[in-house]
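Residue strings, one per chain:
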Amino acid sequence: MLEFTPIRRIFLTLVLVVGVLLALPSMLPQKTLDALPDFLPKQTINFGLDLAGGSHILLEANPAQVRAQQLEKMEENVRAALRGAKGVDYGEISRKGGALSFVVADQNQVDAAREAVQGLTSGAGLTGQRDWTIRVIDGTRFVMTPSDAGIARNLDDAMDTATDVIRRRIDELGTREPTIIRQSTDRIVVQVPGLDDPAALKALLGQTAKLEFKLLDYGADQADTDAGKARIGSQVFPMAEGGGNIAVRRLGGIGGDSLTGAQQTYDQDNQPVVSIQFDTPGGKRFATLTQQNVNKQFAIILDDKVLSAPVIQEPILGGASQISGSFTVESANNLAIALRSGALPVDLTIVEERTVGPDLGEDSKTSGAIAATVATVAVLAFMLVTYGRFGVYANAALIINLLLILGIMSLFGATLTLPGIAGFVLTVGSAVDANVLINERIREEQRRGRRVIQAIEVGYKEASRAIFDANITNVIAAVLLFLFGSGPIRGFAVVLMIGIATSVFTAVTITRMWVAGWVRRNRPTELHI
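Computed from a predicted structure; not experimentally measured.

Asks: Sorry if this is basic, but what is going on with the overall build of the chain here?
Replies: Regarding its fold elements, the chain presents 15 helices and 19 strands. Its C-alpha atoms give the chain a radius of gyration of 33 Å, more than 25% over the compact-globule value 24 Å for 529 residues. For the chain, the spread of C-alpha atoms along the principal axes amounts to about 105 × 60 × 40 Å. The buried share of the chain, taken over its 529 residues, is 43%. A fraction of 67% describes how many contacts in the chain between residues 6 or more apart in sequence connect residues 24 or more apart. Per element, the accessible surface of the chain, about 26,500 Å² overall, is 55% carbon and sulfur. Each charge sign in the chain was given a centre, from 50 positive and 54 negative side chains, and these centres are 9 Å apart.

Below, the structure written as structure tokens:
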């Protein structure tokens, strides 16, 4: 237990040195940190919302919108499937009462129609239930209804996609360590520490960024269009500026999901615009659309509002275009960010908003630092008075333990929250508890008459078992907190897990290395613990 080869001592010392070096940037002023040579680590700990200030926003989706989108997508798929089915003559597809319905011309075509639409359904959930149910009424009328399992799966997929889109948008803003998690089935929590402009964040998150290019419907009645009424096969959208409505063809357009890039640029009049690029399939569809409709108008629709409706002067073959409107540089840049990160699959409404000011965050940081310092100093004094030389070793291990926690958190870019500081303080107690067990066991072995070296060896060996057993239960609790907790609770769990690992390492291994070195050099005949 007390044998440490030179290589092992060198390795353990290097681990301690690297850990301390990684911790130093988090304790240095920014000016000093900037002046350090590039080869030294400069990664610092990120502070959470409660320590750095920032914004907390709770977003909620409308499940009814997801169901409507599910119906619309299935309608297009059914139409395409029936067109591809041989010998099937069908009537208009209707969307009423949350279901799709259509009638085939002949009862002999029912089996072929069923086979065509059956392939559009799939299993949902673990029960084997299909995502759509298909019924035939009156011999020739098909009614397709989304099942509860199918609706739940679509909502879950939409919320997962929305969470990823929000994360990409916030990352584009350049903020550090946002917390973006789902809450219940239709809500998303967004926490952005250190945010200077919460209004810009709200505007960016509230923008669906659903971009569409659709041809105008020249056959629509203007009076009906002005009244917001669309004929079959058309849609009516309001103009984003200037008032009025425009009727467009519902099918045959191009969606923003084909975009590969979007940047804020300027047009020939030096006005801010958004330049966009399509992927190869999208570029081909856009080229075909413009080739077949020269001298006709197409509407550029963003979030169900028409930004502009330019005339196609000539085919656009390069897979690139521009979106113009009454943009400022900032609004054009925000739109470009939203388009690059992808469209939200569902509208999100802000139902709760909290802002933590930087002054309040600074107060929390100061209070937490004072609490941690007082606790640490009190523990250091107790250990020194109670255990003498072995208390000095325990105190040195404790200080290094705290530095290692900071270093590991800095290395992985972890976020420190106010509960995380509580985890620090708890770690101080855990680390000292390990040294108390070791020192008391050495005392016990001395009272039994063992010699110094034997007492130290047995003391470390027997106490280590209890230390490992006790900390395994703490690790299990921390893992469960991390897996099932959210926000600050996860921050507490991260600090606790790191602290448990480093405290066991320093209390058991490092102090044993120091004690072994002292015993080897001084050959004591008695211990005063």
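Asks: Can you help me understand the sheet that holds strand β6 (residues 141–146) in this one?
Replies: Paired through their backbone hydrogen bonds, the strands of a sheet run either parallel or antiparallel. If you trace the four strands from one edge of the open sheet to the other, you get β3-β4-β6-β5, paired in antiparallel fashion. Each of the sheet's edge strands pairs with one partner strand only, and the pair in question is β3 (94–96) and β5 (132–137). Strand after strand, the sheet turns through a mean of 25° between neighbouring axes, direction not considered. Looking at chain direction, strand β4 (residues 99–103) and β6 are connected through four bridges and run antiparallel. Of the residues in β6, the one forming a bridge with V103 is R141.

Asks: Got a minute to help me understand the environment of D111 in this structure?
Replies: Locating D111 in the fold gives a position in helix α5 (residues 110–118). In this structure D111 comes out as exposed when scored by relative accessible area, which is 61%. Taking the C-alpha atoms as reference points, D111 and V88, separated by 23 residues in sequence, lie 9.6 Å from one another.

Asks: I'm lost on a positive patch on the surface in this one. Help?
Replies: Together, R389, R520, R521 and R523 make up a region of like positive charge exposed at the surface. Inspection of the secondary structure assignment puts R389 in helix α12 (residues 389–411).

Asks: Just checking my understanding: could you explain the side chain of Q191 for this structure?
Replies: Structurally, Q191 can be placed in strand β8 (residues 187–193). Of the residues examined, Q191 reaches a relative accessible area of 14% and is grouped as buried. The residues touching Q191, leaving out its near neighbours within four places in the chain, are L49, S55, H56, P178 and T179.

Asks: For this particular structure, what's the right way to read the sheet that holds strand β16 (residues 305–308)?
Replies: Strand order in the open sheet made by the four strands is β12-β9-β15-β16, with antiparallel pairing throughout. Edge strands, defined here as strands with exactly one partner in the open sheet, are β12 (254–255) and β16.

Asks: What's the story with empty space enclosed by the protein in this structure? I'm lost.
Replies: A complete count under the given rule lists one cavity of 30 Å³ or more for this structure. Every residue along the wall of the largest cavity is listed here: F390, Y393, A394, N435, N439, Y460, T511 and V515. The biggest single contributor to the lining of the largest cavity is α12, with three residues. Along the lines of polarity and charge, the residues of the lining of the largest cavity split into five nonpolar, three polar and no charged.

Asks: Would you mind going over the layout of surface pockets with me for this structure?
Replies: Over the atoms a probe the size of a water molecule is rolled, and this reveals where empty space is left. In this structure, the second largest pocket occupies an estimated 610 Å³ of space. Considering the residues around the second largest pocket, the lining is formed by 21 residues, among which M27, A369, A372, L406 and F424 are closest to the centre. Of all the secondary structure elements, the ones that give two or more residues to the lining of the second largest pocket are α11 (358–387), α12 and α13 (418–447). Among the elements that take part in the lining of the second largest pocket, α11 stands out by supplying eight residues, more than any other. Of the residues in the lining of the second largest pocket, the class split is 16 nonpolar, four polar and one charged.

Asks: Help me out: how do you make sense of the packing of aromatic side chains in this one?
Replies: On inspection of all chains with the given rule, the structure shows four aromatic pairs. With a centroid separation of 5.0 Å and an interplanar angle of 5°, the aromatic rings of F102 and F142 are classed as stacked. Pair noted here: F102 is in strand β4 and F142 is in strand β6, with a separation of 40 residues, a long-range link. The two residues F102 and F142 agree in class, both being buried. Consider the rings of F390 and Y393, whose centres lie 6.1 Å apart with planes at 70°: the pair is edge-to-face. One end of the pair is F390 and the other is Y393, both in helix α12 and three residues apart, which spans about a single turn. For the pair F390 and Y393, one class covers both residues: buried.

Conventions we followed
Residues numbered from 1 in each chain as written. Predicted model: local features only at pLDDT ≥ 70, side-chain atom pairs only at ≥ 80, totals over all residues. Heavy atoms only, no water. Helix = DSSP H or I, 4+ residues; strand = E, 2+ residues; numbered from the N terminus. Rg over C-alpha atoms; globule rule 2.2 N^0.38 Å. Buried < 20%, exposed > 50% of the residue type's maximum accessible area, 1.4 Å probe, protein only. Contact = heavy atoms within 4.5 Å. Areas by Shrake-Rupley, 256 points an atom, 1.4 Å probe, with all protein chains shown as cover. Lys, Arg positive; Asp, Glu negative; His and termini not counted. Charge placed at Lys NZ, Arg CZ, Asp CG, Glu CD. Pairing = 2+ DSSP bridges. Axes fitted to C-alpha atoms, helices over the stretch in contact; angles between N-to-C directions. Patch = residues over 30% accessible without salt bridge, like charges linked within 9 Å, V, L, I, M, F, W, Y side chains within 5 Å. Salt bridge = Lys/Arg side-chain N within 4 Å of Asp/Glu carboxyl O. 1 Å grid on protein atoms, 1.4 Å probe; cavity = no way out; pocket = protein on both sides within 12 Å on 5 of 7 lines; lining within 4 Å. Points joined across faces, edges and corners; volume = space filled by probe spheres on them. Nonpolar A, V, L, I, M, F, W, Y, C, P; charged D, E, K, R; others polar. Phe/Tyr/Trp six-rings, centres within 6.5 Å; stacked < 30°, edge-to-face > 60°.

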